[in-house]
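Per-entry structural report
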Amino acid sequence: MKAVVQDEYGSPDVLELRDIEKPVPKDDEVLVRVEKAALHIGDLMLMKGEPYIMRLGAGLRRPKKRIPGFDFAGRVEAVGKEVRGFQTGDEVFGETNGGSCAEYSVVPTDKLVHKPGGLSAEEAVAIPVSGVTALRGIRDAGKVEAGDKVLINGATGGVGMYAVQIAKALGAEVTAVCGPSNVELAKQLGADHVIDYTQDDFTKGEARYDLILDNVANRPLAEVRNSVAEGGVLISNSARSKGRWFGAVGRMMQAGIISMFVKAQGRPFYSQVKSQDMVDLIAFIDAGELRPIIDRTYPLAEVAEAMRYISGGHASGKTVIAVGD
Ligand SMILES: NC(=O)c1ccc[n+]([C@@H]2O[C@H](COP(=O)([O-])OP(=O)(O)OC[C@H]3O[C@@H](n4cnc5c(N)ncnc54)[C@H](OP(=O)(O)O)[C@@H]3O)[C@@H](O)[C@H]2O)c1
(Lines give C-alpha, C1' and ligand atoms only; values in the text may rest on other atoms or scores of the structure.)
Protein backbone atom coordinates (compact mmCIF):
# COMPACT_ATOMS: atom_id res chain seq x y z
CA MET A 1 0.00 0.00 0.00
CA LYS A 2 1.04 3.64 -0.39
CA ALA A 3 1.88 5.46 2.83
CA VAL A 4 3.73 8.53 4.00
CA VAL A 5 6.59 7.33 6.20
CA GLN A 6 9.22 8.99 8.38
CA ASP A 7 12.31 7.12 9.61
CA GLU A 8 13.64 10.00 11.68
CA TYR A 9 12.44 13.15 13.45
CA GLY A 10 12.77 16.46 11.65
CA SER A 11 11.23 18.99 9.27
CA PRO A 12 8.54 17.99 6.73
CA ASP A 13 11.44 16.90 4.49
CA VAL A 14 11.68 13.65 6.50
CA LEU A 15 8.29 12.54 5.11
CA GLU A 16 8.43 10.17 2.12
CA LEU A 17 5.67 8.56 0.09
CA ARG A 18 6.50 4.83 -0.15
CA ASP A 19 5.04 1.40 -0.85
CA ILE A 20 4.92 -0.57 2.39
CA GLU A 21 3.10 -3.64 3.70
CA LYS A 22 -0.57 -3.40 4.55
CA PRO A 23 -1.11 -3.63 8.34
CA VAL A 24 -2.90 -6.61 9.88
CA PRO A 25 -5.59 -5.87 12.50
CA LYS A 26 -5.37 -7.48 15.93
CA ASP A 27 -8.36 -9.46 17.19
CA ASP A 28 -9.99 -6.33 18.67
CA GLU A 29 -9.14 -4.00 15.77
CA VAL A 30 -10.63 -3.07 12.44
CA LEU A 31 -8.63 -2.65 9.21
CA VAL A 32 -9.89 0.42 7.33
CA ARG A 33 -9.32 1.61 3.81
CA VAL A 34 -8.57 5.29 4.38
CA GLU A 35 -10.39 7.78 2.21
CA LYS A 36 -9.46 10.99 4.04
CA ALA A 37 -6.98 11.83 6.79
CA ALA A 38 -6.71 15.08 8.76
CA LEU A 39 -3.75 16.67 10.52
CA HIS A 40 -3.36 18.71 13.69
CA ILE A 41 -0.55 20.13 15.77
CA GLY A 42 0.04 16.80 17.55
CA ASP A 43 1.09 15.32 14.18
CA LEU A 44 3.52 18.18 13.72
CA MET A 45 5.04 17.60 17.16
CA LEU A 46 5.45 13.87 16.51
CA MET A 47 7.05 14.56 13.14
CA LYS A 48 9.57 16.95 14.70
CA GLY A 49 10.04 14.99 17.92
CA GLU A 50 9.62 18.24 19.86
CA PRO A 51 9.37 19.05 22.66
CA TYR A 52 12.09 16.49 23.37
CA ILE A 53 10.40 15.28 26.56
CA MET A 54 7.73 13.76 24.33
CA ARG A 55 10.34 11.34 22.92
CA LEU A 56 10.26 9.42 26.22
CA GLY A 57 7.02 7.88 24.95
CA ALA A 58 7.26 8.46 21.19
CA GLY A 59 10.73 6.96 20.65
CA LEU A 60 14.04 8.31 21.92
CA ARG A 61 16.09 8.33 18.69
CA ARG A 62 13.47 7.77 16.03
CA PRO A 63 9.66 7.76 15.98
CA LYS A 64 7.92 4.52 16.95
CA LYS A 65 4.88 5.68 14.96
CA ARG A 66 6.29 6.14 11.47
CA ILE A 67 3.12 7.11 9.59
CA PRO A 68 1.71 10.57 10.42
CA GLY A 69 -1.97 11.27 11.02
CA PHE A 70 -4.52 10.09 13.58
CA ASP A 71 -7.87 11.25 12.21
CA PHE A 72 -9.32 9.20 9.38
CA ALA A 73 -12.55 8.56 7.48
CA GLY A 74 -12.99 5.53 5.24
CA ARG A 75 -14.46 2.05 4.89
CA VAL A 76 -14.04 -1.13 6.92
CA GLU A 77 -11.90 -3.57 4.93
CA ALA A 78 -11.62 -6.39 7.50
CA VAL A 79 -12.46 -6.96 11.17
CA GLY A 80 -10.55 -8.79 13.93
CA LYS A 81 -12.30 -11.87 15.30
CA GLU A 82 -13.39 -10.21 18.57
CA VAL A 83 -14.90 -7.15 16.85
CA ARG A 84 -18.67 -6.65 17.18
CA GLY A 85 -20.83 -3.97 15.59
CA PHE A 86 -18.68 -3.29 12.52
CA GLN A 87 -18.67 -5.14 9.20
CA THR A 88 -16.71 -5.08 5.98
CA GLY A 89 -17.91 -2.18 3.83
CA ASP A 90 -19.19 0.02 6.71
CA GLU A 91 -18.43 3.73 6.31
CA VAL A 92 -16.63 4.84 9.47
CA PHE A 93 -14.45 7.53 10.98
CA GLY A 94 -12.34 7.97 14.08
CA GLU A 95 -8.76 7.81 15.30
CA THR A 96 -6.25 5.24 14.09
CA ASN A 97 -3.49 3.52 16.02
CA GLY A 98 -1.14 3.12 13.11
CA GLY A 99 -1.24 6.44 11.21
CA SER A 100 -3.86 7.67 8.78
CA CYS A 101 -1.68 9.07 5.97
CA ALA A 102 -1.75 5.62 4.37
CA GLU A 103 -4.13 3.66 2.17
CA TYR A 104 -4.93 1.27 5.04
CA SER A 105 -4.77 1.61 8.80
CA VAL A 106 -5.81 -0.29 11.92
CA VAL A 107 -8.27 1.18 14.41
CA PRO A 108 -9.44 0.03 17.85
CA THR A 109 -13.24 -0.09 18.06
CA ASP A 110 -13.39 2.31 21.02
CA LYS A 111 -12.12 5.07 18.71
CA LEU A 112 -14.41 4.29 15.82
CA VAL A 113 -17.98 5.24 14.86
CA HIS A 114 -20.24 4.78 11.86
CA LYS A 115 -20.30 7.79 9.57
CA PRO A 116 -23.78 9.29 9.24
CA GLY A 117 -25.00 9.34 5.65
CA GLY A 118 -25.46 13.12 5.65
CA LEU A 119 -21.80 13.75 6.41
CA SER A 120 -19.13 13.58 3.69
CA ALA A 121 -15.86 11.76 4.44
CA GLU A 122 -14.12 15.15 4.30
CA GLU A 123 -16.44 16.57 6.97
CA ALA A 124 -16.25 13.41 9.11
CA VAL A 125 -12.45 13.33 9.12
CA ALA A 126 -12.40 16.88 10.48
CA ILE A 127 -14.14 15.75 13.67
CA PRO A 128 -12.14 13.34 15.88
CA VAL A 129 -9.14 15.00 17.59
CA SER A 130 -10.15 18.66 17.21
CA GLY A 131 -13.86 18.14 17.85
CA VAL A 132 -13.27 16.01 20.93
CA THR A 133 -10.69 18.48 22.27
CA ALA A 134 -13.23 21.31 21.95
CA LEU A 135 -15.87 19.15 23.66
CA ARG A 136 -13.46 18.44 26.54
CA GLY A 137 -12.55 22.10 26.87
CA ILE A 138 -16.04 23.58 26.68
CA ARG A 139 -18.38 20.91 28.05
CA ASP A 140 -16.18 18.81 30.38
CA ALA A 141 -13.36 21.02 31.72
CA GLY A 142 -15.19 24.32 31.18
CA LYS A 143 -18.62 23.04 32.35
CA VAL A 144 -20.33 25.73 30.27
CA GLU A 145 -23.96 26.48 31.12
CA ALA A 146 -26.58 28.61 29.42
CA GLY A 147 -25.90 32.31 29.95
CA ASP A 148 -22.17 31.89 30.66
CA LYS A 149 -19.82 34.36 29.05
CA VAL A 150 -17.17 32.39 27.17
CA LEU A 151 -14.06 33.70 25.41
CA ILE A 152 -12.20 31.50 22.96
CA ASN A 153 -8.68 32.60 22.10
CA GLY A 154 -7.80 31.06 18.73
CA ALA A 155 -11.43 30.73 17.71
CA THR A 156 -11.23 29.76 14.05
CA GLY A 157 -8.57 27.01 13.94
CA GLY A 158 -9.20 23.27 14.13
CA VAL A 159 -10.22 23.29 17.81
CA GLY A 160 -11.55 26.84 18.04
CA MET A 161 -14.18 26.49 15.30
CA TYR A 162 -15.76 23.59 17.22
CA ALA A 163 -15.38 25.34 20.58
CA VAL A 164 -17.31 28.41 19.38
CA GLN A 165 -20.16 26.30 18.02
CA ILE A 166 -20.37 23.96 21.03
CA ALA A 167 -20.38 26.89 23.48
CA LYS A 168 -23.17 28.54 21.46
CA ALA A 169 -25.12 25.26 21.37
CA LEU A 170 -24.87 25.10 25.18
CA GLY A 171 -26.37 28.58 25.42
CA ALA A 172 -23.28 30.66 26.14
CA GLU A 173 -22.56 34.22 25.04
CA VAL A 174 -19.40 33.71 22.99
CA THR A 175 -16.52 36.07 22.27
CA ALA A 176 -14.17 34.81 19.56
CA VAL A 177 -10.57 36.03 19.28
CA CYS A 178 -8.95 35.64 15.85
CA GLY A 179 -7.01 37.51 13.18
CA PRO A 180 -8.55 39.95 10.66
CA SER A 181 -8.94 37.38 7.88
CA ASN A 182 -11.10 35.17 10.11
CA VAL A 183 -13.48 37.75 11.60
CA GLU A 184 -16.22 36.84 9.11
CA LEU A 185 -15.76 33.12 9.75
CA ALA A 186 -16.03 33.66 13.51
CA LYS A 187 -19.35 35.48 12.98
CA GLN A 188 -20.60 32.68 10.72
CA LEU A 189 -19.73 30.17 13.44
CA GLY A 190 -22.15 32.06 15.67
CA ALA A 191 -19.86 34.18 17.86
CA ASP A 192 -21.75 37.04 19.54
CA HIS A 193 -18.63 39.22 19.69
CA VAL A 194 -15.39 39.03 17.72
CA ILE A 195 -12.06 40.49 18.81
CA ASP A 196 -9.44 40.94 16.10
CA TYR A 197 -6.19 40.39 17.99
CA THR A 198 -4.31 42.78 15.71
CA GLN A 199 -6.63 45.59 16.89
CA ASP A 200 -7.45 44.73 20.52
CA ASP A 201 -5.90 42.77 23.36
CA PHE A 202 -8.66 41.08 25.38
CA THR A 203 -6.40 40.79 28.44
CA LYS A 204 -6.32 44.62 28.60
CA GLY A 205 -10.08 45.05 28.22
CA GLU A 206 -12.76 45.53 30.89
CA ALA A 207 -14.80 42.44 30.00
CA ARG A 208 -14.66 39.38 32.29
CA TYR A 209 -15.55 35.82 31.29
CA ASP A 210 -16.88 32.73 33.07
CA LEU A 211 -14.67 30.57 30.86
CA ILE A 212 -11.62 31.41 28.78
CA LEU A 213 -10.45 28.59 26.52
CA ASP A 214 -6.95 29.56 25.43
CA ASN A 215 -5.87 27.73 22.26
CA VAL A 216 -2.98 30.10 21.63
CA ALA A 217 -0.97 30.63 24.85
CA ASN A 218 0.61 33.84 23.64
CA ARG A 219 0.30 35.55 27.06
CA PRO A 220 1.46 34.59 30.57
CA LEU A 221 -1.22 32.62 32.43
CA ALA A 222 -1.63 35.36 35.08
CA GLU A 223 -2.38 37.99 32.41
CA VAL A 224 -5.06 35.81 30.86
CA ARG A 225 -6.56 35.00 34.29
CA ASN A 226 -7.09 38.75 34.83
CA SER A 227 -9.97 38.48 32.36
CA VAL A 228 -11.66 35.64 34.26
CA ALA A 229 -14.83 36.64 36.13
CA GLU A 230 -15.39 35.87 39.83
CA GLY A 231 -16.02 32.12 40.02
CA GLY A 232 -14.87 31.63 36.42
CA VAL A 233 -11.99 29.60 35.04
CA LEU A 234 -9.15 29.67 32.48
CA ILE A 235 -8.56 26.44 30.60
CA SER A 236 -5.18 26.59 28.92
CA ASN A 237 -5.07 24.38 25.86
CA SER A 238 -2.07 25.01 23.71
CA ALA A 239 0.87 22.98 22.49
CA ARG A 240 2.44 25.92 20.72
CA SER A 241 4.38 27.19 23.71
CA LYS A 242 8.06 27.66 22.92
CA GLY A 243 10.97 25.64 24.31
CA ARG A 244 12.50 22.60 22.58
CA TRP A 245 12.83 20.52 25.76
CA PHE A 246 9.50 21.02 27.50
CA GLY A 247 7.46 23.30 25.20
CA ALA A 248 3.77 23.03 25.95
CA VAL A 249 4.37 20.30 28.52
CA GLY A 250 6.06 22.97 30.64
CA ARG A 251 3.07 25.30 30.33
CA MET A 252 0.63 22.47 31.04
CA MET A 253 2.63 21.52 34.15
CA GLN A 254 2.70 25.17 35.24
CA ALA A 255 -1.07 25.44 34.76
CA GLY A 256 -1.57 22.13 36.62
CA ILE A 257 0.47 23.27 39.63
CA ILE A 258 -1.18 26.72 39.76
CA SER A 259 -4.62 25.09 39.51
CA MET A 260 -3.99 23.44 42.90
CA PHE A 261 -3.84 26.87 44.56
CA VAL A 262 -5.71 29.28 42.29
CA LYS A 263 -9.38 28.57 41.60
CA ALA A 264 -9.48 30.60 38.39
CA GLN A 265 -6.81 28.38 36.84
CA GLY A 266 -8.45 25.23 35.47
CA ARG A 267 -6.66 21.91 35.39
CA PRO A 268 -5.23 21.31 31.88
CA PHE A 269 -6.56 18.26 30.08
CA TYR A 270 -5.17 15.77 27.62
CA SER A 271 -7.81 14.95 25.07
CA GLN A 272 -8.25 11.27 24.21
CA VAL A 273 -10.69 10.39 21.46
CA LYS A 274 -13.48 7.99 22.49
CA SER A 275 -16.37 6.76 20.34
CA GLN A 276 -18.98 8.23 22.71
CA ASP A 277 -17.52 11.75 22.28
CA MET A 278 -17.82 11.44 18.51
CA VAL A 279 -21.41 10.25 18.93
CA ASP A 280 -22.07 13.34 21.08
CA LEU A 281 -20.55 15.57 18.37
CA ILE A 282 -22.72 13.91 15.71
CA ALA A 283 -25.75 14.76 17.88
CA PHE A 284 -24.78 18.46 17.72
CA ILE A 285 -24.42 18.12 13.94
CA ASP A 286 -27.81 16.39 13.62
CA ALA A 287 -29.39 19.20 15.65
CA GLY A 288 -27.97 21.73 13.16
CA GLU A 289 -25.76 23.27 15.86
CA LEU A 290 -22.36 22.21 14.54
CA ARG A 291 -20.64 21.91 11.21
CA PRO A 292 -17.01 21.06 10.46
CA ILE A 293 -15.10 23.67 8.46
CA ILE A 294 -12.46 22.47 6.01
CA ASP A 295 -9.66 24.86 5.26
CA ARG A 296 -7.54 23.02 2.68
CA THR A 297 -7.29 19.54 1.20
CA TYR A 298 -3.93 18.17 0.05
CA PRO A 299 -3.21 14.94 -1.90
CA LEU A 300 -1.33 12.16 -0.05
CA ALA A 301 1.86 13.02 -1.93
CA GLU A 302 1.76 16.51 -0.37
CA VAL A 303 1.53 15.72 3.34
CA ALA A 304 4.81 17.61 3.82
CA GLU A 305 3.19 20.74 2.33
CA ALA A 306 0.17 20.27 4.61
CA MET A 307 2.50 20.03 7.64
CA ARG A 308 4.19 23.28 6.58
CA TYR A 309 0.78 24.91 6.34
CA ILE A 310 -0.44 23.88 9.80
CA SER A 311 2.91 24.83 11.34
CA GLY A 312 2.01 28.44 10.49
CA GLY A 313 -0.73 28.38 13.14
CA HIS A 314 -3.30 30.26 11.06
CA ALA A 315 -5.53 27.55 9.63
CA SER A 316 -9.22 28.44 9.21
CA GLY A 317 -10.72 25.09 10.20
CA LYS A 318 -9.19 21.70 9.42
CA THR A 319 -6.45 20.61 7.05
CA VAL A 320 -7.43 17.39 5.25
CA ILE A 321 -5.45 14.83 3.23
CA ALA A 322 -7.18 13.05 0.32
CA VAL A 323 -5.82 9.50 0.53
CA GLY A 324 -8.10 7.28 -1.58
CA ASP A 325 -11.69 7.02 -2.75
N1 LIG B 1 -5.37 19.35 25.18
C2 LIG B 1 -5.27 18.54 24.14
O3 LIG B 1 -5.26 17.32 24.28
C4 LIG B 1 -5.17 19.13 22.76
C5 LIG B 1 -5.54 18.36 21.65
C6 LIG B 1 -5.50 18.97 20.39
C7 LIG B 1 -5.04 20.28 20.26
N8 LIG B 1 -4.66 20.97 21.38
C9 LIG B 1 -4.16 22.34 21.27
O10 LIG B 1 -5.17 23.21 20.82
C11 LIG B 1 -4.54 24.34 20.23
C12 LIG B 1 -5.30 24.76 19.02
O13 LIG B 1 -5.14 23.77 18.02
P14 LIG B 1 -5.71 24.03 16.58
O15 LIG B 1 -5.61 22.73 15.86
O16 LIG B 1 -7.02 24.69 16.67
O17 LIG B 1 -4.64 25.05 15.99
P18 LIG B 1 -4.75 25.85 14.61
O19 LIG B 1 -5.70 25.14 13.71
O20 LIG B 1 -3.36 26.08 14.17
O21 LIG B 1 -5.45 27.22 14.99
C22 LIG B 1 -4.76 28.22 15.64
C23 LIG B 1 -5.71 29.39 15.80
O24 LIG B 1 -5.07 30.35 16.62
C25 LIG B 1 -5.33 31.63 16.07
N26 LIG B 1 -4.28 32.55 16.46
C27 LIG B 1 -2.99 32.60 16.01
N28 LIG B 1 -2.34 33.61 16.64
C29 LIG B 1 -3.24 34.17 17.49
C30 LIG B 1 -3.19 35.25 18.42
N31 LIG B 1 -2.09 35.95 18.59
N32 LIG B 1 -4.31 35.53 19.13
C33 LIG B 1 -5.45 34.82 18.97
N34 LIG B 1 -5.57 33.82 18.08
C35 LIG B 1 -4.47 33.49 17.37
C36 LIG B 1 -5.44 31.44 14.59
O37 LIG B 1 -6.27 32.47 14.07
P38 LIG B 1 -5.79 33.40 12.83
O39 LIG B 1 -5.55 32.46 11.70
O40 LIG B 1 -6.96 34.28 12.61
O41 LIG B 1 -4.53 34.08 13.25
C42 LIG B 1 -6.10 30.07 14.50
O43 LIG B 1 -7.49 30.21 14.49
C44 LIG B 1 -3.11 23.91 19.88
O45 LIG B 1 -2.18 24.64 20.61
C46 LIG B 1 -3.09 22.46 20.24
O47 LIG B 1 -1.87 22.08 20.75
C48 LIG B 1 -4.72 20.42 22.61
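Residues numbered from 1 in each chain as written. Predicted model: local features only at pLDDT ≥ 70, side-chain atom pairs only at ≥ 80, totals over all residues. Heavy atoms only, no water.

Turning our attention to the overall build of the protein. From N to C terminus, the protein includes 10 helices and 14 strands. Whereas a compact globule of 325 residues would reach a radius of gyration of roughly 20 Å, the protein reaches 19 Å, a difference of no more than 12%. Here the protein holds 325 residues, and the buried ones make up 54% of them. Nonlocal contacts in the protein, meaning residues at least 24 apart in sequence, comprise 66% of its contacts between residues at least 6 apart. Of the roughly 14,600 Å² that the protein leaves accessible, carbon and sulfur atoms contribute 50%. With 39 positive and 44 negative side-chain charges, the protein shows a spacing of 5 Å between the two charge centroids. (Helix = DSSP H or I, 4+ residues; strand = E, 2+ residues; numbered from the N terminus. Rg over C-alpha atoms; globule rule 2.2 N^0.38 Å. Buried < 20%, exposed > 50% of the residue type's maximum accessible area, 1.4 Å probe, protein only. Contact = heavy atoms within 4.5 Å. Areas by Shrake-Rupley, 256 points an atom, 1.4 Å probe, with all protein chains shown as cover. Lys, Arg positive; Asp, Glu negative; His and termini not counted. Charge placed at Lys NZ, Arg CZ, Asp CG, Glu CD.)

Entries for the protein in the domain assignment read domain 1 (2-127 + 292-322) and domain 2 (133-259). Between domain 1 and domain 2, the contact holds 18 residues from the first and 17 residues from the second. Summing both sides of the interface, domain 1 and domain 2 together bury roughly 1,500 Å²; the carbon and sulfur share of this comes to 61%. Across the domain 1-domain 2 interface, the total number found is one salt bridge. Between R244 and E50 there is a salt bridge, with its nearest N and O atoms 2.8 Å apart. Here the side of domain 1 that touches domain 2 is composed, by residue class, of 11 nonpolar, five polar and two charged. (Domains from an automatic or database assignment. Buried area = accessible area lost by both parts, 1.4 Å probe. Salt bridge = Lys/Arg side-chain N within 4 Å of Asp/Glu carboxyl O. Nonpolar A, V, L, I, M, F, W, Y, C, P; charged D, E, K, R; others polar.)

Here the focus is the pairing of strand β4 (residues 71-79). Pairing geometry for strand β3 (residues 29-39) and β4, over eight bridges, is antiparallel. The residue of β4 that forms the bridge with L31 is A78. Summarising the sheet, β4 and strand β5 (residues 91-95) pair through five bridges and their orientation is antiparallel. Across the sheet, D71 pairs through a bridge with E95, a residue of β5. (Pairing = 2+ DSSP bridges.)

With that settled, the discussion passes to helix α5 (residues 160-169). With respect to burial, α5 is a largely interior element, eight of its 10 residues being buried. Buried residues belonging to α5 abut α4 (128-141), β8 (149-153), β9 (173-178), β11 (209-214), α9 (275-286) and β14 (318-322). G171 lies just past α5 and shows a positive phi near 95 degrees.

To continue, consider the side chain of S259. With respect to the helices and strands, S259 occurs in helix α8 (residues 247-259). At 2.6 Å, the side chain of S259 forms a polar contact with the backbone oxygen of G256. (Polar contact = N/O pair within 3.5 Å; in protein donor to acceptor, adjacent residues only side chain to side chain.)

With respect to spatial proximity, 27 residues lie near the ligand, and among them G179, Y197, N237, S271 and H314 are the closest. Between a nitrogen atom of the ligand and a main-chain N or O atom of F269, the distance comes to 2.9 Å. Burial of the ligand by the protein chains amounts to 90% of its free accessible area of 940 Å². Here the residues of the shell around the ligand are counted per class, giving 10 nonpolar, 16 polar and one charged. (Near = heavy atom within 4 Å.)

Those residues of helix α1 (residues 41-48) not exposed but buried are G42, D43, L44, M45 and M47. Those residues of α1 that are buried are in contact with β3 and α10 (303-311). Following α1 by one or two positions, G49 has its phi on the positive side, about 70 degrees.

Attention shifts here to the nonpolar core. With 50 residues, the main nonpolar core has I138, I152 and I166 as its most contacted residues. No other element matches α5, which puts six residues into this core. Counting contributing residues per domain, this core is built from domain 1 (2-127 + 292-322) and domain 2 (133-259), each supplying no fewer than three. Once you skip the residues sitting within four places of it in the chain, I138 turns out to touch K143, V144, V150, I152, A163, I166, A167, L170, L211 and L213. The next biggest cluster of nonpolar side chains, apart from the first, holds 37 residues, and it includes V4, V14, V106 and M307. (Core = buried A, V, L, I, M, F, W, Y, C linked by side-chain atoms within 4.5 Å.)

With that settled, the discussion passes to the side chain of E50. Mapped onto the elements, E50 comes out in the loop between α1 and α2 (55-58). Beyond its immediate sequence surroundings of up to four residues, E50 is in contact with M45 and R244.

Let's shift gears to the packing of α4 against α5. When two helices pack together, their arrangement is given by the angle between their axes and by how far apart the axes lie. As a packed pair, α4 and α5 sit with axes 8 Å apart at the nearest point and diverge in direction by 45 degrees. In terms of orientation, α4 and α5 fall into the oblique class. Regarding α4 and α5, the two cross each other, and that crossing is right-handed. Contacts between α4 and α5 involve S130, G131, A134, L135 and I138 from the first element and Y162, A163, I166 and A167 from the second. (Axes fitted to C-alpha atoms, helices over the stretch in contact; angles between N-to-C directions. Parallel < 35°, antiparallel > 145°, perpendicular 65-115°, else oblique. Left-handed = near helix turned anticlockwise from the far one by under 90°.)

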